[in-house]
Amino acid sequence: MKMTCSECGIEYPVSSVAYCCPCGGLMQIVQELGGLDADRLKRIFDDRLSERGTLHASGVWRYKELIHPQLSSEQAITRYEGNTGLYEAESVRAFAGVDRLWLKAQSENPSGSFKDNGMVVAVSQGLSLGYKRFACSSTGNTSASLAMYAAWSGSEAYVFVPEQGVAAGKIGQTLAYGARMIRFAGTYDDGIAFLQRHAGELSLYLCNSVNPWRIEGQKSIGFEIAHRLGWKLPDWVVLPGGALSNVAALGKGLRELLAIGLIDKLPRIAVVQAEGSSPFHRMMAAGSDMLTPEANPRTRASALRIGDPPSWKKAMVVLQETSGVTVSVTDEEIFAAKRVVDRSGIGCEPASAASVAGLRKLREEGTIDRLCTAVCILTGHMLKDQESLDMYPHEPDGASGQSRPSKGAEGLYPDAIRAMFGAQG
Ligand SMILES: *Cc1c(COP(=O)(O)O)cnc(C)c1O
Ligand SMILES: [Zn+2]
């Protein structure tokens with residue numbers, strides 16, 4: 001195993017605390033795949049599916065050989081992250097318009113988002129290096145995840161959260177886990193720039209996705225999907241893009257599965273951005289290879305409000321390797337998709353619904369064929385963003401929503417109750 005710069009290739013010791021090379025490139029972990037036997041790994045991973053209460057019962061550490069083989073098991077922490085459901089919901093499939101669709105519900109992670117898959121590895125690595133103080137900049141879910149693992153490991157979390165535009169539930173969750181929160185005027189991008197400059201002198205272990213161990217852990221999302229589907233992936237994997245760490249991780253993990261021979265074909269990857277916050281999509285659509293940051297990113301899907309995505313170069317390579325595509329969707333399209341996902345009984349936060357909205361749009365544009373199979377990654381839990389749930393009692397068609405009782409329950413019968421049945425036809 002090595003740590004190298006993803007751009008100039010210069011090598012660093014695996015135990016380095018390095019995020020960004022002087023050349024500007026992000027660090028990456030290079031796994032040693034040569035000695036790994038696909039059939040043997042399949043047996044090991046299958047056997048671990050029946051474990052309970054052990055490190056390998058984690059949906060991340062189950063794949064430890066491919067994520068962090070050198071970390072001793074005593075140094076790895078876990079909340080049994082991963083192990084999330086892969087669902088087929090007919091209503092969502094019909095909405096998206098493909099032949100077969102699975103939803104990977106990363107919302108089922110212990111802190112409610114996919115950030116746990118990567119954070120558990122970054123915090124374990126920081127602990128093994130002797131760190132007691134961890135930090136991140138966040139649009140909400142990263143801070144909640146870091147705060148959870150810091151609390152769980154008896155360490156301190158320092159989280160930098162923009163003053164505006166972060167869902168209140170995520171802030172409350174982060175504080176409830178006991179993190180120290182620094183609110184600042186600016187965006188996620190300003191917070192990450194500050195931490196990249198100052199984390200070292202403040203003895204803070206930086207747990208944003210510029211930390212290469214976050215990427216190693218997030219690969220497990222793709223591993224779980226492949227494992228569940230018998231090491232055969234669908235034609236497309238569709239996911240929302242903010243900082244673009246998740247697409248970088250997905251691509252890296254799948255590339256490694258292919259190199260080992262655990263899968264024999266890569267899926268195509270589609271990255272969906274929110275229209276007001278889509279610098280990566282604009283770059284790809286223009287056929288450019290230089291990202292122009294968005295100074296004032298805007299969308300109601302707050303987890304996607306990132307104007308200067310750190311992992312854009314890694315994401316670009318992934319799209320080149322997988323014949324991938326990008327698309328942007330409006331907030332209206334995101335909320336239309338969210339409504340379908342919520343009503344399917346799964347539910348998700350707005351940013352997650354961008355994946356389903358994007359798949360539908362790519363189908364309509366003809367980029368994705370009707371006969372295709374796809375996985376959409378649902379990145380975060382519906383309870384994360386209370387503000388976006390507040391609109392439901394006021395739905396215009398009356399097909400769901402609450403009555404506004406002025407009497408006790410018996411007093412509502414029969415008129416108000418019948419009226420509700422009537423509205424459903
Ligand atoms: C972080 C996050 C994203 C964006 O993922 P990136 O790796 O930053 O591209 C999408 N949805 C949710 C719910 C998130 O928390
Ligand atoms: Zn470099």
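Details of the structure are given in the entry above.
Here's a quick rundown of the structure. Quantities reported herein were computed from a predicted structural model and do not represent experimental measurements.

1. Some words on the packing of aromatic side chains
Scanning the model with the defined rule gives 7 aromatic pairs in all. Consider the rings of Tyr19 and Tyr205, whose centres lie 6.5 Å apart with planes at 55°: the pair is tilted. Taken together, the residues Tyr19 in the loop between strand S2 (11-12) and strand S3 (27-30) and Tyr205 in strand S9 (residues 205-206) connect sequence positions 186 residues apart. Across the pair, exposure class does not vary: Tyr19 and Tyr205 are buried alike. Taking the centre distance of 5.0 Å and the plane angle of 40° together, the rings of Tyr131 and Tyr205 count as tilted. A residue pair is termed long-range when its members are at least 10 positions apart, and Tyr131 in the loop between helix H4 (115-128) and strand S6 (133-137) and Tyr205 in strand S9 qualify at 74 residues. Looking at Tyr205, the relative accessible area reads 2%, which means it is buried. A cation over a ring is seen here: Arg79 above Trp152, with NZ or CZ 5.9 Å from the ring centre.

2. Points about the coordination of the zinc ion (ligand 2)
The protein atoms that coordinate the zinc ion (ligand 2) are Cys5 (SG), Cys8 (SG), Cys21 (SG) and Cys23 (SG), at distances of 2.3 to 2.4 Å. Its 4 donor atoms give the zinc ion (ligand 2) angles of 100 to 119° at the centre, a pattern that matches the tetrahedral case. Donor residues for the zinc ion (ligand 2), ordered by position in the chain, follow C-x2-C-x12-C-x1-C. Residue classification places Cys8 among the partly exposed residues on the basis of a relative accessible area of 45%.

3. Brief notes about the site of ligand 1
Near ligand 1, the surroundings consist of 16 residues, among which Lys115, Asn141, Gly242, Ser245 and Thr379 are the closest. Leu244 places a polar main-chain atom, nitrogen or oxygen, 2.8 Å from an oxygen atom of ligand 1. Split by residue class, the shell around ligand 1 holds 7 nonpolar, 7 polar and 2 charged.

4. Brief notes about the packing of helix H8 (residues 212-228) against helix H9 (residues 245-260)
One way to put it is that H8 packs onto H9 with a least axis distance of 7 Å and a crossing angle of 60°. By crossing handedness, the relation of H8 to H9 is classed as right-handed. Mapping the contact onto sequence places Arg214, Ile215, Glu216, Gln218, Lys219, Ile221, Gly222, Phe223 and Ala226 in H8 and Ser245, Asn246, Ala248, Ala249, Leu250, Lys252, Gly253, Leu254, Glu256 and Leu257 in H9. Its residues placed into classes, the contact of H8 with H9 shows 9 nonpolar, 5 polar and 5 charged.

Reading guide: rules and limits
- Residues numbered from 1 in each chain as written.
- Chains lettered and ligands numbered in written order.
- Predicted model: local features only at pLDDT ≥ 70, side-chain atom pairs only at ≥ 80, totals over all residues.
- Heavy atoms only, no water.
- Phe/Tyr/Trp six-rings, centres within 6.5 Å; stacked < 30°, edge-to-face > 60°.
- Helix = DSSP H or I, 4+ residues; strand = E, 2+ residues; numbered from the N terminus.
- Buried < 20%, exposed > 50% of the residue type's maximum accessible area, 1.4 Å probe, protein only.
- Lys NZ or Arg CZ within 6 Å of the ring centre and 35° of its normal.
- Donors = N, O, S within 2.8 Å, 3.2 Å for Na, K, Ca; no water.
- Tetrahedral: all angles 85-135°; square planar, octahedral: opposite > 155°, others 65-115°.
- Near = heavy atom within 4 Å.
- Polar contact = N/O pair within 3.5 Å; in protein donor to acceptor, adjacent residues only side chain to side chain.
- Nonpolar A, V, L, I, M, F, W, Y, C, P; charged D, E, K, R; others polar.
- Axes fitted to C-alpha atoms, helices over the stretch in contact; angles between N-to-C directions.
- Left-handed = near helix turned anticlockwise from the far one by under 90°.
- Contact = heavy atoms within 4.5 Å.

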